[in-house]
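An overview of the molecular structure
Single-letter residue listing:
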Amino acid sequence: MQRSMISMALSSVSLRDLALVQAVAREGSFNSAARAMYISPSGLSHQVQKVEQALGVPLFERGGRRVVPTASGQRLLGYIEEVLASAEHLEHAARAGDVAFGGELRLGVPSTLGPYLLPHFIEPFPQRFPGARLTISEGKPRGLLRRLQEGELDAVLAPPTASVTGLDETALFFEPYELLLHRGHPLAHRPSMALADLDAADATLMTESHGNGMSDLGMTGSARPERIQDLSLESLATLVALRGGYTLVPILAHDRLGSIPNVVLAAVDGARPGRHIALFWRSATPWREDLARFGDLLRALAEAIPGLDAAAG
């Protein structure tokens with residue numbers, strides 16, 4: 001089928017120019033986008049104007065404290081994202097061959113999971129995927145999934161979430177929480193206890209990692225636990241060691257956290273609180289078969305790690 005020719009003006013626009021436009025939309029600032037893209041603010045502004053002239057419409061409203069897309073810009077940014085994603089798929093397809101993931105898997109892992117899970121699959125990964133390099137990025141699940149959508153990552157390990165446009169997922173395993181208590185806590189001598197035995201007001205929970213608080217963990221009562229922003233599990237354990245009370249921590253971190261002075265670990269009796277972990281990838285990825293094999297590897301490892309419940313493949 002014959003296609004119409006692209007205008008001369010638009011044909012002069014490069015993928016790099018489109019990526020710069022996308023960066024401005026993401027950062028909401030020409031200066032911030034320039035730093036992120038390693039270009040001078042004046043150079044970035046010039047390239048964005050070049051794209052606007054080629055398209056014949058302004059993409060951004062300038063002059064305010066934050067740069068925001070115009071109505072036309074908001075509509076066209078979706079097409080720009082599709083063009084950049086297609087270019088990435090073209091590059092991946094060109095690199096595809098006998099090497100899994102085209103030679104590199106860019107994996108995002110939550111910072112509360114990575115340090116404790118990575119040692120289990122760093123060694124078997126090159127054995128299962130010879131010639132493929134594993135690149136790890138840590139962060140919060142929400143930020144990692146956004147980076148996955150934007151093409152910065154190839155896959156992400158994260159708790160299941162509401163349907164995210166353009167992403168597929170497969171369940172991997174359930175990781176129970178256990179209690180981490182200050183050594184002076186009245187129940188610290190017990191090897192296990194039910195959450196109902198504890199006072200919710202003594203709990204320190206992390207905003208993202210512990211969901212909506214005690215209601216998510218099956219505890220009742222009107223007492224409200226202390227809520228903090230996410231930090232490392234070691235820092236959370238140290239906070240309990242210094243201030244008292246207790247928290248809930250994933251079981252994979254047992255050995256590392258158990259070595260922190262002035263805290264003890266205990267199992268949870270009854271219904272077990274915890275987190276489910278899934279593997280996410282973009283629906284249009286050319287590495288679907290490789291990612292399915294990677295998911296199988298992680299489920300097999302979960303079956304061999306004490307405390308984890310592997311999901312059905």
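Computed from a predicted model, the values in this text were never measured in an experiment.

**Observations regarding the overall build of the protein**
Per the secondary structure count, the protein includes 11 helices and 13 strands. Across the 313 residues that make up the protein, the buried fraction comes to 43%. Relative to all contacts within the protein whose residues are 6 or more apart in sequence, the contacts with residues 24 or more apart total 68%. Just so you have it, the protein exposes about 16,200 Å², and 52% of that area is on carbon and sulfur atoms.

**Focus: the packing of helix α2 (residues 15–27) against helix α4 (residues 41–55)**
Relative to each other, α2 and α4 sit at 105°, their axes nearing to 9 Å. When the axes of α2 and α4 are compared, the pair comes out roughly perpendicular. Along its contact with α2, which presents D17, L18, L20, V21 and V24, the element α4 presents L44, Q47, V48, K50 and V51. The residue inventory of the contact of α2 with α4, partitioned by class, reads 7 nonpolar, 1 polar and 2 charged.

**What to know about the pairing of strand β3 (residues 104–110)**
Extensive coverage of β3 is indicated by the burial of 5 of its 7 residues. Pairing analysis gives 2 bridges linking β3 to strand β5 (residues 155–158), with the strands arranged parallel. Following the sheet pairing, G108 is matched in β5 by V156.

**A few points about the confidence of the model for the protein**
Summing up the model confidence of the protein, the mean pLDDT is 86 and the portion of residues at 70 or higher is 89%. Per-element averaging of pLDDT across the protein places strand β9 (residues 226–228) at the bottom with 71 and β5 at the top with 96.

**A word on the pattern of salt bridges**
Under the counting rule described, the total for this entry stands at 15 salt bridges. Here D154 ties to R282 by a salt bridge, and the two come within 4.0 Å at their closest N and O atoms. A residue pair is termed long-range when its members are at least 10 positions apart, and D154 in the loop between α8 (141–149) and β5 and R282 in strand β12 (residues 274–282) qualify at 128 residues. You'll find D154 and R282 in the same group, each marked buried. For E234, the salt bridge goes to R256, with nearest N and O atoms at 3.1 Å. A residue pair is termed long-range when its members are at least 10 positions apart, and E234 in helix α9 (residues 233–243) and R256 in helix α10 (residues 254–258) qualify at 22 residues. On the basis of relative accessibility, which here comes to 43%, the residue R256 falls in the partly exposed class. A single salt-bridge network, built from bridges that share partners, covers R106, D154 and R282.

**Points about the pairing of strand β6 (residues 167–182)**
Of all 16 residues making up β6, 12 are buried, and the element is well covered by its neighbours. Of the pairings in the sheet, the one linking β6 to β12 comprises 9 bridges and is antiparallel in character. Residue pairing across strands places F173 opposite I277, the latter belonging to β12. Where β6 lies against strand β13 (residues 309–310), 2 bridges are found, and the strand directions are antiparallel. When the sheet's bridge partners are listed, F174 is paired in β13 with D309. Judged from the 5 bridges that link them, β6 and strand β10 (residues 246–250) form a sheet pairing that is antiparallel. Residue pairing across strands places L179 opposite L248, the latter belonging to β10. Bridge analysis of β6 against strand β11 (residues 263–268) gives 4 bridges, and the strand direction is antiparallel. Its bridge partner lying in β11, L180 is registered against L265.

Calculation rules
Throughout, residues of each chain are indexed from 1 in the direction in which the sequence is written. For a predicted model such as this one, the threshold for reporting local features is a pLDDT of at least 70, and the threshold for listing and counting side-chain atom pairs is 80 or more; totals across whole chains, interfaces and linings nevertheless cover every residue. By convention in this description, side-chain values take in all heavy atoms of the structure and omit both hydrogens and water. We count a stretch as a helix when DSSP gives it H or I for four or more residues in a row; a strand needs E for two or more, and each element gets its number in order from the N terminus. When a residue's accessible area, from a 1.4 Å probe over protein chains only, is under 20% of the maximum for its type it is buried; when over 50% it is exposed; and in between it is partly exposed. Residues are treated as being in contact if the distance between any of their heavy atoms lies within 4.5 Å. For the accessible areas, the method is Shrake-Rupley and the probe is 1.4 Å, while residue cover comes only from the protein chains on display. Here an axis means a line fitted to C-alpha atoms, over the contact stretch when the element is a helix, while the angle between two N-to-C directions is reported on a 0 to 180 degree scale. Here the word oblique covers every angle except those under 35 degrees (roughly parallel), over 145 (roughly antiparallel) and from 65 to 115 (roughly perpendicular). Just so you know the grouping, Ala, Val, Leu, Ile, Met, Phe, Trp, Tyr, Cys and Pro go in nonpolar, Asp, Glu, Lys and Arg go in charged, and all remaining residues, Gly too, go in polar. Note on pairing: DSSP must find at least two bridges between two strands before they are called paired. Looking at any residue, its pLDDT shows the predictor's confidence there, from 0 to 100. Within this document, salt bridges are pairs made up of a side-chain nitrogen of Lys or Arg and a carboxyl oxygen of Asp or Glu, the two lying within 4 Å of each other.

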